[in-house]
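# Structural description and commentary
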Amino acid sequence: MSNRRLTSILKISLLSAVMAFTSNVFADPVKAAFVYVGPIGDMGWTYQHHQGVEYVKSHMGDDVEIEYVESVPEGSDAERIIRTLARKNDIIFTTSFGYMNPTIKVAESFPDVKFEHATGYMRADNVSVYSARFYENRHVIGKIAGHMTNTNIIGYVASFPIPEVIRGINAAFLAARSVNPDVQFKIVWAYTWFDPGKEADAANALIAQGADVLMQHTDSTAIMTIAEEKGVFAFGQASDMSAFGPNAHLTSIIDVWGPYYLKRIMDVKNGTWESTDTFGGTEEGMLVLSSMSDQVPENVRSQAERTLLGLSKGLIDPFTGPINKQDGSPWLAAGETPPMFPDVITMDFYVEGIDSKYPD
Amino acid sequence: MNEGLIIAIIIGISVASVPLIFAAIGELVVERSGVLNLGVEGMMIVGALAGFIVEFHTGNSFLAVLAAMLAGMAIAFTFAFLTQILLTNHVATGLALTLFGLGIAAFAGRTYTEVRIELIPATHIPLLSDLPIFGPILFSYNPLVYIAFFMVFLVWWFLFRTKQGLILRAIGDNHDAAHAIGHNVIRYRILAILFGGAMAGIGGAFLSLVQVPIWGEDMTAGRGWIALGLVVFSSWQPFKVILGALIFGGITILQLHAQGFDIRISAQYLSMLPYLTTIIVLVSLRLRDKSKTNRTMPNCLGRIFHSTS
């Protein structure tokens, strides 16, 4: 009995050895895996990553096999799941900041597997990092918001005071001020990425305090629906939210991961993959805006489109001096743009003109 | 601060407390009968989804609320069967129920994250709703808001003014004695658990039908746990549930408004507050207990009843 089992184990290992051999010789499909922090149905962050997966599938067809795991907590489970995936895949995308350490750890034990970690900063020979300059889009919607507000109060529902969110607030504020010197931001921190009830409460509070244009850096569609109910304007986050506020929706910030994923997987297929650091933006096509609402007047629309064009050619930096920090101390001199590191990557201050206190 | 803003704050607080009131008043009856059901969060989320689905397909708010109640009761029935018939541990079963509810709602609701519904409109009472100040503050809510407050009264009346209520409390305090004089402990408890499920279901549906017209996985976001804390906070007295819910709901709304006015209170402290107050109330109840003057906690809470005859 045990002998037979042994032979069958030998057979299987022999078989897999042969398979491993042939996979190097013949062009078998590339095996890619994705680790998601939320459900695909979050209509935001994870949903957009999954759109990227669909994009890759539609372009590569049978040349790629993709598997994914949803709602993976950013703890010890993550390492176990990444490890399991690493045993049977050629490239693994881990799509949340909290997967950084597990990704690096697993990558050490699988030197032949390629890893791609989103929004982190730790690299290795087989670990790339990638993220997007989300604040560029916020620069564009800031300009639209500055024009669209009548009360000159723009409400901002923020999640957590991390650099990514702070960059968005500063970029949107500077843009809004550039077209409307009287505009003021009211910023409410929800301290959650996803709590529709609380996001709705925050939106209601901001509207009651006079905001007539809402921006959000949380993930649910709740704020858009409240804006619709109350007859104010709002911008969608991460994916097109127009269906949730047909009249309220001005435009949505959309993350585009598809082309990046396609390129990286093709690189694996062609054997040209290298460890890289990508911080793409409008220029690289990683960010777009959804189609703008008819409520946006023609001159505002064309200005927004010009700004997008400038961003896509790399001619505009949302942070172009002169800019002071909130306390009045100088940050950037006239015409100066900040270095990516540390100024942009670790941004932890408001710019001058924002009334709200910086959160602790 | 103008008048409109104050009205908006008061309305915000009332609306934010309603899901808590529903869930807590249901759990209060359950605990009064001596059962500890930690599955409130699970029953709420299932109610939120069921209500949303029915509202989306039929557009009939009455059916939607009914569906939410039934969904909550279905989950609660599982709990009742396990704890009352198979005599499983209340705490473990309740926790399992929460995890199960969150999981099944996420699974069953996958296709509903991309759609929205119309919110159930607020009632407009002729004359009363048009009153200045008092109109918006008191007479222009969704019907479910009034039902929530009425349920609290109803539960108080049932528990303290009816024979069945007295029996239920007796069972919660000493199930062996109640059993010995011929009361059907299991039946009372199952009915109480089902009532708790129905109320938690409506509480969840209030979120997805009245507060926001969308469905999202985990959208109850811990409100079930706050409701459990509220029952302790109320020291098992129905009317104190309203007080607690207004305080807990009020903290959320006021801190959001305070941020708008740039008055900053640390968010971490605020999210601790409901649980902290619950602990303080528990401690003070215990301290008072020594003098044997105010023993409100049901004596048999969470204890398994095994009928010996």
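Here the structure is a predicted model, which is why all the values come from computation and not from measurement.

### Here's the deal with the overall build of chain B
Helices and strands together make up the secondary structure of chain B, namely 12 helices and zero strands. In sequence order, the secondary structure elements of chain B are arranged as α-α-α-α-α-α-α-α-α-α-α-α. Against the globule reference of 19 Å for 309 residues, chain B gives a C-alpha radius of gyration of 20 Å, in line with a compact fold. Dimensions along the principal axes, computed over C-alpha positions, put chain B at roughly 65 × 45 × 40 Å.

### With respect to the pairing of strand β5 (residues 127-132) of chain A
All names here are of chain A. Judged by how many residues are buried, β5 sits mostly within the fold: six of six residues are covered. Where burial is concerned, the two faces of β5 agree: the one with V127, V129 and S131 and the one with S128, Y130 and A132 are both buried. In this structure, strand β4 (residues 114-118) lies alongside β5, joined through four bridges in parallel fashion. Its bridge partner lying in β5, E116 is registered against S128. Examined bridge by bridge, β5 and strand β11 (residues 277-280) share four bridges and lie parallel to one another. If you follow S131 over to β11, its bridge partner there is F279.

### Quick look at the sheet that holds strand β9 (residues 233-236) of chain A
Residue and element names in this part refer to chain A. A sheet is described by the order of its strands in space; here six strands give the open sequence β7-β6-β8-β9-β10-β12, paired in mixed fashion. With partners counted over all chains shown, the strands left at the sheet margins are β7 (184-189) and β12 (287-289), one partner each. Adjacent strand axes in the sheet meet at a mean angle of 20 degrees when their direction is disregarded. In the sheet, β9 pairs with strand β10 (residues 249-255) via two bridges, with the strands oriented parallel. The partner of A234 across the bridge, within β10, is H249. Helix α6 (residues 163-179) rests against β6 (153-158), β7 and β8 (213-216) of the sheet, and its axis sits at about 170 degrees to β6.

### Focus: the interface of chain A and chain B
Each partner contributes residues to the interface: chain A has 31 residues there, and chain B has 29 residues. The set of elements that each furnish at least two residues to the side of chain A that touches chain B consists of β7, α7 (196-208) and α8 (222-230) of chain A. No other element matches α7(A), which puts 10 residues into the side of chain A that touches chain B.

### Brief notes about the confidence of the model for chain A
Residue and element names in this part refer to chain A. On average, residues of chain A score 89 in pLDDT, and 92% of them are at 70 or above. Summarising per-element confidence for chain A, the mean pLDDT is lowest in helix α1 (residues 2-25) (49) and highest in β8 (97). The low-confidence segment residues 18-26, where pLDDT is below 50, has one contact with residues more than four positions distant or belonging to other chains.

### Comments concerning the nonpolar core
A general tendency of soluble globular proteins is for nonpolar side chains to be buried together. In terms of nonpolar packing, the biggest core is built from 188 residues, with L214(A), I21(B) and A24(B) touching the most fellow members. With 16 residues, the top contributor of residues to this core is helix α9 (residues 185-211) of chain B. Not counting residues within four places of it along the chain, the set of residues in contact with A24(B) comprises A227(B), L230(B), V231(B), V241(B) and A245(B).

### A look at the sheet that holds β4(A)
All names here are of chain A. Strand order in the open sheet made by the six strands is β2-β1-β3-β4-β5-β11, with parallel pairing throughout. Because the sheet does not close on itself, it has two edges, and the strands there are β2 (64-69) and β11. Adjacent strand axes in the sheet meet at a mean angle of 15 degrees, parallel and antiparallel pairs treated alike. Sheet topology places strand β1 (residues 30-35) next to β2; six bridges connect them, and they run parallel. Note on β2: the bridge partner recorded for A33 is E67. Of the strands in this sheet, β1 and β2 touch helix α2 (residues 45-60), which is tilted by about 165 degrees from β2.

### Observations regarding helix α4 (residues 90-108) of chain B
All names here are of chain B. Its 19 residues give α4 an end-to-end C-alpha distance of 26 Å, which sits within 8% of 27 Å, the value for a rise of 1.5 Å per residue. Listed in full, the buried residues belonging to α4 are H90, T93, G94, L97, T98, G101 and A105. Axial view of α4: buried residues confined to an arc of 145 degrees, hence all on one face. The exposed residues of α4 that point more than 90 degrees off its buried face are A92, L99 and F107. Of the surrounding elements, those touching the buried residues of α4 are α2 (40-58), α3 (61-85) and α10 (223-233).

### Quick word on the packing of α2(B) against α4(B)
Residue and element names in this part refer to chain B. Between α2 and α4, the shortest axis-to-axis distance is 7 Å and the interhelical angle comes to 20 degrees. Classed by the angle they form, the pair α2 and α4 counts as roughly parallel. For the element pair α2 and α4, the recorded crossing hand is left-handed. Contacts from E41, G42, M43, I45, V46 and L49 of α2 reach α4 at L97, T98, L99, F100, G101, L102, I104, A105 and A108.

### A few points about unusual backbone geometry
Residue G321(A) is joined to P322(A) through a cis peptide bond whose omega torsion reads 5 degrees. Omega for the peptide link from F341(A) to P342(A) comes to 5 degrees, which places this bond in the cis form. Examined against the element boundaries, P342(A) turns out to sit in helix α11 (residues 340-344). The backbone phi angle of L87(B) is positive, close to 55 degrees, even though this residue is not glycine. With respect to the secondary-structure elements, L87(B) resides in the loop between α3 and α4. A positive phi angle is found at A221(B), which is not glycine, with a value near 45 degrees. Here A221(B) shows up in the loop between α9 and α10.

### Some points on the pairing of β7(A)
Here β7(A) lies mainly inside the structure; five of its six residues are buried. Once the chain exits β6(A) it traverses α6(A) before rejoining the sheet at β7(A), and the crossover so formed is right-handed.

### Quick notes on the domain arrangement of chain A
Residues and elements named next belong to chain A. For chain A, the assigned domains read domain 1 (2-132) and domain 2 (135-254 + 289-344). Placing a centre on the C-alpha atoms of domain 1 and another on those of domain 2 gives a separation of 35 Å. Every contact between the two is made by six residues of domain 1 and, on the other side, seven residues of domain 2. Residues belonging to the side of domain 1 that touches domain 2 are distributed by class as follows: three nonpolar, two polar and one charged.

What counts as what
Residues numbered from 1 in each chain as written. Chains lettered and ligands numbered in written order. Predicted model: local features only at pLDDT ≥ 70, side-chain atom pairs only at ≥ 80, totals over all residues. Helix = DSSP H or I, 4+ residues; strand = E, 2+ residues; numbered from the N terminus. Rg over C-alpha atoms; globule rule 2.2 N^0.38 Å. Buried ≥ 20, exposed ≤ 12 C-beta atoms within 10 Å, placed from the backbone. Pairing = 2+ DSSP bridges. Axes fitted to C-alpha atoms, helices over the stretch in contact; angles between N-to-C directions. Contact = placed C-beta atoms within 7 Å. pLDDT = per-residue confidence, 0-100. Core = buried A, V, L, I, M, F, W, Y, C linked by C-beta atoms within 7 Å. Expected span 1.5 Å × (residues − 1). Arc of directions from axis to C-beta. Parallel < 35°, antiparallel > 145°, perpendicular 65-115°, else oblique. Left-handed = near helix turned anticlockwise from the far one by under 90°. Right-handed = clockwise from strand over helix to strand, strands pointing away. Domains from an automatic or database assignment. Nonpolar A, V, L, I, M, F, W, Y, C, P; charged D, E, K, R; others polar.

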